[in-house]
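Coordinates in review
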2 protein chains.
Amino acid sequence: METNHSQKILDFYKDNKRMPVYTEIMKLVGFRSKNAVHKLINKLVEKDILDKDSRGRLIPNNLFGEVPMLGLVEAGFPSVAEEAILDTINLDDYLIKNKAATYLLTVKGDSMIDAGIQEGDLVIAERKDEAKVGDIVIAEVDGGWTMKFFRKKGQVAYLEPANKAYKPIYPEASMHIAAVVKGVIRKY
Amino acid sequence: METNHSQKILDFYKDNKRMPVYTEIMKLVGFRSKNAVHKLINKLVEKDILDKDSRGRLIPNNLFGEVPMLGLVEAGFPSVAEEAILDTINLDDYLIKNKAATYLLTVKGDSMIDAGIQEGDLVIAERKDEAKVGDIVIAEVDGGWTMKFFRKKGQVAYLEPANKAYKPIYPEASMHIAAVVKGVIRKY
DNA sequence: ATTATAGGTGAACGTACGTTCACCTGCAAG
DNA sequence: CTTGCAGGTGAACGTACGTTCACCTATAAT
């Protein structure tokens, strides 16, 4: 029952991106007095499911807004009881450094398959006009857009696919780097 | 300057997982009156950088907490001005359905390399004791932990790696499925 | 039957919140 | 010079917040 209550509070947080106030929790769980909420909250705080700040307002704790991070696959998987959690992270914070310049792109084609990037994956791209050798870049070459490894042969920059079926691209007229790939996301 | 101010508010939101109150914004941007904050906020609201709810409290809008999603790689990349954004998503919400049962694991080894899962990647694993054929599962087989495709030959369940250098695993004594892989994350 | 307790109601209280008012600058236009 | 105005200060106001108090059940143990 209490897990049900805290689940509703979590849902509220997801929808509104802030914690509910007591009158809102009243409606969420079906109470008719703020005092009942107050007693419920105190129990959740004791169980470390929630936290309160110095002014009494609710703040989500780690179990709430973040995902537990375990060790290696080979180390196994914890049961519900013994949670051997190394750390907890927020995926947004983990993946995105410069939020204003970051975009997600859907991958088309198989030219980066050997780098573990498949068709349908999302790539996290940060807008940038220069890249380091070895970066995966999104670039406009001779009028077309593509995603490839950024390489240099001497002073000549070129793009190399991660698929033996394709050949490196040496720009004839122009090459303009639009973004550098910072991450890959795949959802099953 | 105003982008600087809203950046500080965003940072506060990231750190505290809630929006600041006016007195807190005062300290953030160096004002000494709440009224100055009030005028600043109204400007940000007009520019759609922030939103307020009916009680005047701040709520982050899309540009704040979420990441823009563009189309395909081949469609190119927008300049700062012309933002052809299809949608915005929150990565946590996108990737994680059942937060209570979800964990992140670091991948060791190359047995799933042909499925685009490399050593060092993070996998999003949802605790479950049964899997569908074709799922990637984390399982304990004959005492050891492993991540493989879940397959069936007739009624016999077995695990298949995505690497031709390895052979399928037919459990001798026991096989226990601990979790199903729901997603993959790679960070460069 | 009596008592204790967990869990709820409803009203009252202190306070921190966003808002508003009057006022004070510094700077640019006329 | 003076006028207007954007942008700040500081104090006052109404209200919504979390908290607390007294009281009311059900349920279970004695």
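Refer to the structure above for everything that follows.
Below, the structure is looked at part by part. (Residues numbered from 1 in each chain as written. Chains lettered and ligands numbered in written order. Predicted model: local features only at pLDDT ≥ 70, side-chain atom pairs only at ≥ 80, totals over all residues. Heavy atoms only, no water.)

Overview of the overall build of chain A
A count of helices and strands for chain A gives five helices and ten strands. Here chain A, with 188 residues, has 46% of them falling under the buried criterion. Contacts in chain A between residues far apart in sequence, at least 24 positions, make up 46% of those at least 6 positions apart. Approximately 9,800 Å² of chain A is accessible, and the part contributed by carbon and sulfur atoms is 51%. (Helix = DSSP H or I, 4+ residues; strand = E, 2+ residues; numbered from the N terminus. Buried < 20%, exposed > 50% of the residue type's maximum accessible area, 1.4 Å probe, protein only. Contact = heavy atoms within 4.5 Å. Areas by Shrake-Rupley, 256 points an atom, 1.4 Å probe, with all protein chains shown as cover.)

Considering the protein's contact with DNA strand C
As a structural note, the neighbourhood of DNA strand C is formed by 18 residues, with Asn35(A), Lys43(A), Tyr22(B), Lys34(B) and Asn35(B) the closest of them. Within 4 Å of the protein, the contacting atoms of DNA strand C are 55% sugar and phosphate, with bases supplying the remainder. In this structure, a phosphate oxygen belonging to DNA strand C sits 3.3 Å away from a main-chain N or O atom of Ser33(A). Elements with a contribution of two residues or more to the surface near DNA strand C: α3 (34-46) of chain A together with α2 (22-29) and α3 (34-46) of chain B. Top contributing element to the surface near DNA strand C by residue count: α3(A), with four residues. (Near = heavy atom within 4 Å. Polar contact = N/O pair within 3.5 Å; in protein donor to acceptor, adjacent residues only side chain to side chain.)

Regarding the packing of α2(B) against α3(B)
The description of two helices packed together rests on the angle between their axes and the distance between the axes. Residue and element names in this part refer to chain B. With their axes 9 Å apart at the nearest point, α2 and α3 run at an angle of 90° to one another. By the angle between their directions, the pair α2 and α3 is classed as roughly perpendicular. Counted together, Tyr22, Thr23, Ile25 and Met26 of α2 and Lys34, Val37, His38 and Ile41 of α3 form the full contact between these two elements. For the contact of α2 with α3, the per-class residue count stands at five nonpolar, two polar and one charged. (Axes fitted to C-alpha atoms, helices over the stretch in contact; angles between N-to-C directions. Parallel < 35°, antiparallel > 145°, perpendicular 65-115°, else oblique. Nonpolar A, V, L, I, M, F, W, Y, C, P; charged D, E, K, R; others polar.)

Some words on the side chain of Lys148(B)
Checked against the element boundaries, Lys148(B) lands in strand β8 (residues 144-153). The contacts of Lys148(B), once residues within four sequence positions are left out, are Ser111(B), Met112(B), Asp135(B), Ile136(B), Val137(B), Leu159(B), Glu160(B), Pro161(B) and Ile169(B).

Brief notes about the protein's contact with DNA strand D
Not every one of the 18 residues close to DNA strand D is listed here, only the nearest: Tyr22(A), Lys34(A), Asn35(A), Asn35(B) and Lys43(B). Of everything in DNA strand D that lies within 4 Å of the protein, sugar and phosphate atoms constitute 55%. Separating a phosphate oxygen of DNA strand D from a backbone N or O atom of Ser33(B) is a distance of 3.3 Å. Here a base oxygen of DNA strand D and a side-chain polar atom of Lys39(B) are 2.9 Å apart. Elements that contribute at least two residues to the surface near DNA strand D include exactly α2 (22-29) and α3 of chain A together with α3 of chain B. It is α3(B) that provides the largest number of residues to the surface near DNA strand D, a total of four residues. For the surface near DNA strand D, the residue count by class is four nonpolar, six polar and eight charged.

What about a positive patch on the surface?
Residues Lys97(A), Lys128(A), Lys132(A) and Lys187(B) make up a contiguous surface patch of positive charge. With respect to the helices and strands, the residue Lys128(A) is situated in the loop between β6 (122-127) and β7 (136-141). (Patch = residues over 30% accessible without salt bridge, like charges linked within 9 Å, V, L, I, M, F, W, Y side chains within 5 Å. Salt bridge = Lys/Arg side-chain N within 4 Å of Asp/Glu carboxyl O. Lys, Arg positive; Asp, Glu negative; His and termini not counted. Charge placed at Lys NZ, Arg CZ, Asp CG, Glu CD.)

Some thoughts on the pairing of strand β9 (residues 156-160) of chain A
All names here are of chain A. Pairing geometry for strand β8 (residues 144-153) and β9, over five bridges, is antiparallel. In the sheet register, Lys152 faces β9, and the bridge partner there is Ala157. In sequence, β8 turns back onto β9 through a hairpin of two residues, with Gly154 there showing a positive phi of about 70°. (Pairing = 2+ DSSP bridges.)

Some words on the packing of aromatic side chains
A ring pair, where both rings are aromatic, is described by two values, the distance of the centres and the angle of the planes. In this structure the tally under the stated criterion is two aromatic pairs over all chains. Measuring from ring centre to ring centre gives 4.7 Å for Tyr158(A) and Tyr170(A), while their planes differ by 15°; the resulting arrangement is stacked. With Tyr158(A) in strand β9 and Tyr170(A) in the loop between β9 and β10 (175-187), this pair connects stretches of sequence that are twelve residues apart. Classification of Tyr158(A) by relative accessible area gives buried; the value is 9%. Overall, Tyr170(A) belongs to the partly exposed group, its relative accessible area being 39%. The side chain of Arg151(B) reaches across the aromatic face of Phe149(B), ending 4.7 Å from its centre. One residue, Lys187(B), lies across the ring of Tyr94(A), its end atom 4.4 Å from the ring centre. (Phe/Tyr/Trp six-rings, centres within 6.5 Å; stacked < 30°, edge-to-face > 60°. Lys NZ or Arg CZ within 6 Å of the ring centre and 35° of its normal.)

As for the nonpolar core
Formed by 25 residues in total, the largest nonpolar core has its most connected members in Ile9(A), Ile25(A), Ile41(A), Ile9(B), Ile25(B) and Ile41(B). Among the elements of the structure, α1 (2-16), α2 and α3 of chain A together with α1 (2-16), α2 and α3 of chain B are those that each provide at least two residues to this core. (Core = buried A, V, L, I, M, F, W, Y, C linked by side-chain atoms within 4.5 Å.)

Some details on the pattern of salt bridges
Residue and element names in this part refer to chain A. Taken as a whole and assessed by the stated rule, the structure comprises eight salt bridges over all chains. Close ionic contact of Arg18 with Glu24 constitutes a salt bridge, the shortest N to O distance being 3.0 Å. Side by side, Arg18 and Glu24 carry an identical accessibility label, which is buried. Residue Arg57 pairs with Asp53 through a salt bridge whose shortest N-O separation is 3.3 Å. For Arg57, a relative accessible area of 28% puts it in the partly exposed group.

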